[in-house]
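Commentary on secondary and tertiary structure
In case you want the letters, here they are:
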Amino acid sequence: MKTKIFSSLVVIYLYLITKIFALNLCPTAQWSIRGSTVAGASGSQATRLSSPTDVIVDETNSIYALDSGNYRILKFSPTNAINGTVIIKSSSGTQLNQFSSMDMISMDQDGNFYILDSGLSRITKWNLSMNTTDLVINGSSFVNSNMGNDDFLDEPMGMFIEMNTMFIWIADTNNHRIVKWLNSTTVQIICGSYGSKSDQFKYPQDIFVDVNNNYAFYVVDTDNHPGSLSQCDGPVWSTNAVTVAGSSIGEEGSDSSHLSYPYDMWLDSNDTIYVLDTSNYRIQLFYSNQISGTTVFNATQGNGVNQFSNMVGFSIDSNGNIYILDDTNSRVIKFPPGSSNGTIVAGGNGRGSALNKLNYPSGFFLEPITSYIWIADTSNCRIVKWMSLTNISLVAGASCGAKANQFRYPYDVFVDVDDSNTMYVVDSENFRIQRWFQGAFNGTTVAGQSGVEGSGLNQLSYPSGMILDKNKTMYIADAGNNRIIRWIIGLSYGSIIAGTNTYGSLPYQLYGPERLRFDSMGNLCVVDYENNRIQKFSLICSPTMILQQQLLIH
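Note that the structure is a prediction, hence the values are computed from the model and not measured. (Residues numbered from 1 in each chain as written. Predicted model: local features only at pLDDT ≥ 70, side-chain atom pairs only at ≥ 80, totals over all residues. Heavy atoms only, no water.)

A word on the overall build of the protein
A count of helices and strands for the protein gives one helix and 45 strands. Buried positions account for 54% of the 554 residues belonging to the protein. In the protein, once contacts between residues fewer than 6 apart in sequence are set aside, the share between residues at least 24 apart is 47%. (Helix = DSSP H or I, 4+ residues; strand = E, 2+ residues; numbered from the N terminus. Buried < 20%, exposed > 50% of the residue type's maximum accessible area, 1.4 Å probe, protein only. Contact = heavy atoms within 4.5 Å.)

What to know about the state of the cysteines
Under the defined criterion, the tally for this structure stands at one disulfide. With a sulfur-sulfur separation of 1.9 Å, Cys 381 is cross-linked through a disulfide to Cys 400. Linking Cys 381 and Cys 400, the disulfide has an S-S dihedral of approximately 85 degrees and is accordingly described as right-handed. Here Cys 381 is found in the loop between β31 (373–377) and β32 (382–386), whereas its partner Cys 400 is found in the loop between β33 (392–397) and β34 (410–416), with 19 residues between them in sequence. What makes Cys 381 buried here is its relative accessible area of 0%. Cys 400 sits in the partly exposed class, given a relative accessible area of 40%. (Disulfide = S-S within 2.5 Å.)

Thoughts on the confidence of the model for the protein
In this model, the protein carries an average pLDDT of 88, and 89% of its residues clear a pLDDT of 70 or more. Low pLDDT, under 50, characterises residues 226–231; the predicted model gives this stretch 18 contacts beyond four residues in sequence or across chains. (pLDDT = per-residue confidence, 0-100.)

Some thoughts on the sheet that holds strand β27 (residues 322–326)
What the four strands build is an open sheet, ordered β26-β27-β28-β29; its pairing is antiparallel. Strand pairing shows two members of the sheet lacking a second neighbour, β26 (311–316) and β29 (343–347), which therefore form its edges. Going from strand to strand, the sheet's axes swing by 25 degrees on average, the running direction of each strand aside. (Pairing = 2+ DSSP bridges. Axes fitted to C-alpha atoms, helices over the stretch in contact; angles between N-to-C directions.)

A word on the pattern of salt bridges
Inspection of the entire model under this criterion finds 15 salt bridges. Measuring nitrogen to oxygen at the nearest pair gives 2.6 Å for the salt bridge that ties Asp 277 to Arg 282. Summarising the burial analysis for this pair, Asp 277 and Arg 282 share the class buried. The residue Asp 528 makes a salt bridge to Arg 533 at a minimum N-O spacing of 2.7 Å. For Arg 533, a relative accessible area of 0% translates into the label buried. Overlapping salt bridges, with partners in common, bring together Asp 151, Asp 172 and Arg 177 in one network. (Salt bridge = Lys/Arg side-chain N within 4 Å of Asp/Glu carboxyl O.)

Concerning the sheet that holds β34
Strand order in this open sheet of four strands is β34-β35-β36-β37, and the pairing throughout is antiparallel. The sheet terminates laterally at β34 and β37 (444–448), the two strands that pair on one side only. Neighbour-to-neighbour, the strand axes of the sheet open up by a mean angle of 25 degrees, direction not taken into account.

Focus on the environment of Thr 272
Tracing the sequence through the fold places Thr 272 in the loop between β20 (264–267) and β21 (273–277). Take Thr 272: its relative accessible area is 6%, and that puts it in the buried class. Along the chain, Thr 272 and Leu 285 lie 13 residues apart, while their C-alpha atoms are 7.1 Å from each other.

Describing the packing of aromatic side chains
Summed over all chains, the structure comprises 19 aromatic pairs. For the ring pair Tyr 503 and Tyr 511, a centre distance of 4.5 Å and an interplane angle of 20 degrees mean the geometry is stacked. Through successive ring pairs, a cluster of aromatic residues spans Trp 237, Tyr 475 and Phe 518. (Phe/Tyr/Trp six-rings, centres within 6.5 Å; stacked < 30°, edge-to-face > 60°.)

Thoughts on the nonpolar core
In this structure, Ile 324, Ile 373, Ile 433, Met 474 and Leu 524 are the most contacted members of the largest nonpolar core, which totals 75 residues. If you look at the next biggest cluster of nonpolar residues, it comprises 15 residues, including Tyr 114, Phe 142, Ile 170 and Val 179. (Core = buried A, V, L, I, M, F, W, Y, C linked by side-chain atoms within 4.5 Å.)

Details of the environment of Val 38
Structurally, Val 38 is set in the loop between α1 (14–17) and β1 (54–57). Spatially, the C-alpha atom of Val 38 lies 7.2 Å from that of Ile 82, the residues being 44 residues apart in sequence.

Some remarks on unusual backbone geometry
Positive phi, normally seen in glycine, also occurs at Met 166, with a value near 65 degrees. Take Met 166: it is sitting in the loop between β11 (158–161) and β12 (168–172). One non-glycine residue with positive phi stands out, namely Tyr 203, at about 55 degrees. Counting through the fold element by element, Tyr 203 comes out in the loop between β14 (186–191) and β15 (204–210). Tyr 203 sits in the buried class, given a relative accessible area of 19%.

Quick word on the pairing of strand β28 (residues 331–335)
For β28, the buried fraction is high: four of the five residues fall into the buried class. Alignment of β27 against β28, held across five bridges, turns out to be antiparallel. Along β28, the bridge assignment pairs Ile 322 with Phe 335. Here β27 folds back onto β28 in antiparallel fashion, the turn holding four residues, of which Ser 330 has a positive phi close to 50 degrees. Pairing of β28 with β29 involves four bridges; the strand directions are antiparallel. Its bridge partner being in β29, Ile 333 is matched across the sheet by Ile 344.

Description of the side chain of Asp 326
Structurally, Asp 326 can be placed in strand β27. Among the polar contacts made by the side chain of Asp 326, one reaches the main-chain amide nitrogen of Thr 328 at a distance of 3.3 Å. In this view, Asp 326 contacts Gln 307, Phe 308, Ser 309, Asn 310, Arg 331 and Pro 361; residues no more than four positions away in its chain are not counted. (Polar contact = N/O pair within 3.5 Å; in protein donor to acceptor, adjacent residues only side chain to side chain.)

The structure is reproduced here in structure tokens:
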């Protein structure tokens, strides 16, 4: 167990003020080497403090001191800094309005106070205007969203609250880790274990998150001595996304800055974004930091060779040819660069179950070297491979079901071309991901529970797409749960890296995500279908993540 040691005087330092509001300082700013006492002396009177543990300053320069030894918060106004006003008074105990210890304080934009109690491993919210106290975090028991197991906080000493989302980052001191509390059902373990390595801590006592710099976070790693920029043993993405195409609030439209139910996207070597703007029958190009797209391909609705009924997938080969999958017309059409005259390269023989026909296909994978097309032939419950219009093979499936050699409406397919074309099938209505080795007669479930829909970390709900990194880690668009799951093959559970289980159009929410891609910097880009937008979740840190989804592979 670690304890803090404090004097009975409060000295206000600038780094504490930055937790409330940002200041712009010139690079040559200097401070006096001698501080002035602005609040406190030993005692319990309104002019005195007993073992104060934290302090905040609001925009009026009023000082709020967490007077831990007296179980209270005192407010000192800038015009009368001698006498404090007691605004919260409590006592020692375990009731909701009591404390075992008062270790840190924060205040939201509405003037509510959040108090961290390490002894009870909890955070309480105090609404002074309503005279109410609520339990925000009960750290004595929660479900670890990374592992799916029961977990607990052990005397956490530091917290940081994102004021735009009210997500709470916690320095879980005696567990030597950083925890992020999204809500009562979603608690993420960001990083940390006991030790002195770059991804470890020894009794971390505080954390600061730079919300304006891709959520880089700094940890006061007490027994390792320096405060340091945290490293992580797995990749971590920002909770809040930036809209890089379409409407940030989910509006549908047909002008250059809007999208209408996009299904798929592509990134070129410069991270330029191509969006399959399905209901507008076009492909839009968005350059970095540009809110308006440029139409690079335009079509109309119909069943002519250059028309589409429902565009659900597309890809671009190394020569710039565009391949578009139309589920209702059950075909794939190839368009040379800059041309609106296409050629059918798969399907086009009407819907049906014959090998040369498709039946409402939903996704495909284009081999980068051969341009062979692997198709999730959804309503036929099979995966087929088209080498040409006359050379077609049945890869897997053929009847609908939940057995190891069957699918129930497969929605997408990913092929690991670096591993003998091992295939991963998004078996949507079996709520699972199936892995098939080349030449195998059966697949193996590597994510989800066969035939069981759910929102647990060991479950999926109508998954719609996936990609794989070089470490054989899967990234799954779990559409029915409005989230992106990172799932290491061999584990029985995944972890949420984007979105929550609740749909919405806020920066941290998704609504029916369809496909996902990584850019060259490892940032996660998601086709947020029902919100008519493309969301980018910035990579915060990653030790050794090398993406299988290289440029122009899928």
